[in-house]
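# Chain and residue survey
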Amino acid sequence: MASSEEAGLGSPKDVLSNMSPEARKEAYNKLLVASSPILVFQESASRPIEFFVPGKPTQWPALPLAKCREYDEQETNAVFYGSNHFNLVDTTTRRETSILQAFLVSPTPAHARLLSHMSLSFPGLEAIQGRPEALGLSQDGEYLLPKGRKDLDEPLEQTAQRETFEETGIRVRLLPVNIDTLATLPSSIKAKDRPTGVTEPIAVTQRFNTKNILKIIFWYVAAGDSTTAREEGTQQENEEFDTVWVGFDNVNSTLSFEDDRGIVEAAIAAVCRGVPQTS
């Protein structure tokens, strides 16, 4: 399909300038406003912030922002920052200040005044003593958390349990924990009856694989029995993981990767805030 410029319809700037204010507002909303919260990440303090919305192409919102700003930067920024919900995401408290500051001042401090909806998904860390054990994997001297790709049409919750079982040989169940969530209540549950424990993801992280493909990882808290023997033959042909149970007091110093340590810190903090009793 030819672009508007190739088809002789003019540049995006020309197209927007020929629209009525109502039509231009509708075009802005279609191009710049996401139907779900925009996840805001920062790989490190020296890296720029990044935006991600499930279902949106990787060049969103950079490409439509650039095109719309060619016509009117002020109008574009007002719609993008004023109409979207930005969810700043991190798995540790180490970069809270960095990502918040980078988001508010990039590319100009004036954008902060345009914001209408912003939330933080930073874990609250607590002093933790004498806890049960955490389940992990060991391979080639590295210790890491179980994770994996979802099957087609498979719910994320089911993926988390299946991948943990396949990689560790341990059957687990999702554990309801006391965390803040933006998930809305179904109509059958009244606000006063909102459950104190939910099985929503406790964190979302992004990583690039060896082929430079972005992976979005949803992390859940689950419970298993450390006294049972692992089931054999659950791993894929190219997997040679050893299953390791590590005490909560030692798990942070055992895991090899900072992101995994941050996930465990968030999980332990959630468990320590209280796990509802189930019948």
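So, a few notes on the structure that sits alongside this text.

About the cut-offs
- Residue positions are given per chain, counted from 1 along the sequence in the order it is written.
- Predicted model: local features are reported for residues with pLDDT of at least 70 only, side-chain atom pairs are reported and counted for 80 or more only, and whole-chain, interface and lining totals are derived from all residues.
- With hydrogens and water excluded, all non-hydrogen atoms of the structure serve as input to the side-chain values.
- Helix numbering and strand numbering both begin at the N terminus, where a helix is a DSSP run of H or I of at least 4 residues and a strand a DSSP run of E of at least 2.
- Partly exposed describes any residue whose relative accessible area lies between the buried limit of under 20% and the exposed limit of over 50%, with all areas from a 1.4 Å probe on protein chains only and scaled to the type maximum.
- Contacts between residues were defined by any pair of non-hydrogen atoms, one from each residue, lying within 4.5 Å.
- The method behind every accessible area is Shrake-Rupley, applied with a 1.4 Å probe, and residues are considered shielded solely by the protein chains displayed.
- Planes of paired rings set the category: under 30 degrees apart is stacked, over 60 is edge-to-face and the rest tilted, where pairs are Phe, Tyr or Trp rings (Trp by its six-membered ring) whose centres lie within 6.5 Å.
- By the convention used here, strands pair only if DSSP detects at least 2 bridges between them.
- Geometry is summarised by axes, namely lines fitted to C-alpha atoms with helices restricted to the contacting stretch, and by angles between N-to-C directions that run from 0 to 180 degrees.
- An angle counts as roughly parallel when it lies under 35 degrees, as roughly antiparallel when it exceeds 145, as roughly perpendicular when it falls between 65 and 115, and as oblique in every other case.
- Crossings are assigned a handedness: left-handed for a near helix turned anticlockwise from the far helix by less than a right angle, right-handed for a clockwise turn.
- Classes in brief: Ala, Val, Leu, Ile, Met, Phe, Trp, Tyr, Cys and Pro nonpolar; Asp, Glu, Lys and Arg charged; the others, Gly included, polar.
- One speaks of a salt bridge when a side-chain nitrogen belonging to Lys or Arg is within 4 Å of a carboxyl oxygen belonging to Asp or Glu.

## Digging into the overall build of the protein
The helix and strand tally for the protein stands at 8 helices and 11 strands. By the burial criterion, 35% of the 279 residues in the protein qualify as buried. Counting only contacts in the protein whose residues sit at least 6 apart along the sequence, the fraction spanning at least 24 positions is 64%. Total accessible area computed for the protein in this model is approximately 16,600 Å², and 50% of it derives from carbon and sulfur atoms.

## Focus on the packing of aromatic side chains
Using the criterion set out here, one finds 6 aromatic pairs in the structure. Consider the rings of Phe51 and Phe80, whose centres lie 5.8 Å apart with planes at 80 degrees: the pair is edge-to-face. Of this pair, Phe51 sits in strand S2 (residues 50-52) while Phe80 is found in helix H4 (residues 73-83), placing the two residues 29 residues apart along the sequence. The exposure class assigned to Phe51 is partly exposed, which follows from its relative accessible area of 22%. Arranged with centres 6.3 Å apart and planes meeting at 65 degrees, the rings of Trp60 and Phe80 form a pair that is edge-to-face. Of this pair, Trp60 sits in the loop between S2 and helix H3 (62-71) while Phe80 sits in helix H4; the two residues are 20 residues apart in sequence, bridging distant segments of the chain.

## Some points on the pairing of strand S3 (residues 85-89)
Within a regular strand, the side chains alternate between the two sheet faces. Of all 5 residues in S3, 4 are buried, a share of seventy percent or more. Across 3 bridges, the pairing between strand S1 (residues 38-41) and S3 is parallel. Counted as the bridge partner of Leu39 is Asn87 from S3.

## Focus on the packing of helix H2 (residues 21-32) against H4
Across the interface, H2 lies against H4 with an axial gap of 10 Å and an inter-helix angle of 55 degrees. Relative to H4, H2 is oriented oblique. Handedness of the H2/H4 crossing: right-handed. Here Arg24, Tyr28, Asn29 and Leu32 of H2 come into contact with H4, specifically with Glu75, Thr76, Val79, Phe80 and Ser83. For the contact of H2 with H4, the per-class residue count stands at 4 nonpolar, 3 polar and 2 charged.

## A short note on the pattern of salt bridges
Close approach of charged atoms allows side chains of opposite charge to pair. Within the structure shown, the criterion is met by 9 salt bridges. For Glu166, the salt bridge is made with Arg162, and the minimal N-O distance between the two is 3.2 Å. Of this pair, Glu166 and Arg162 both sit in helix H6 (residues 156-168), separated by 4 residues, roughly a single helical turn. One salt bridge connects Asp260 with Arg207, and the closest N-O pair in it is separated by 3.1 Å. Of the two residues, Asp260 sits in helix H8 (residues 258-272) while Arg207 sits in strand S8 (residues 203-208), which places them 53 residues apart along the sequence.

These results come straight from atomic positions and should not be treated as a statement about function.
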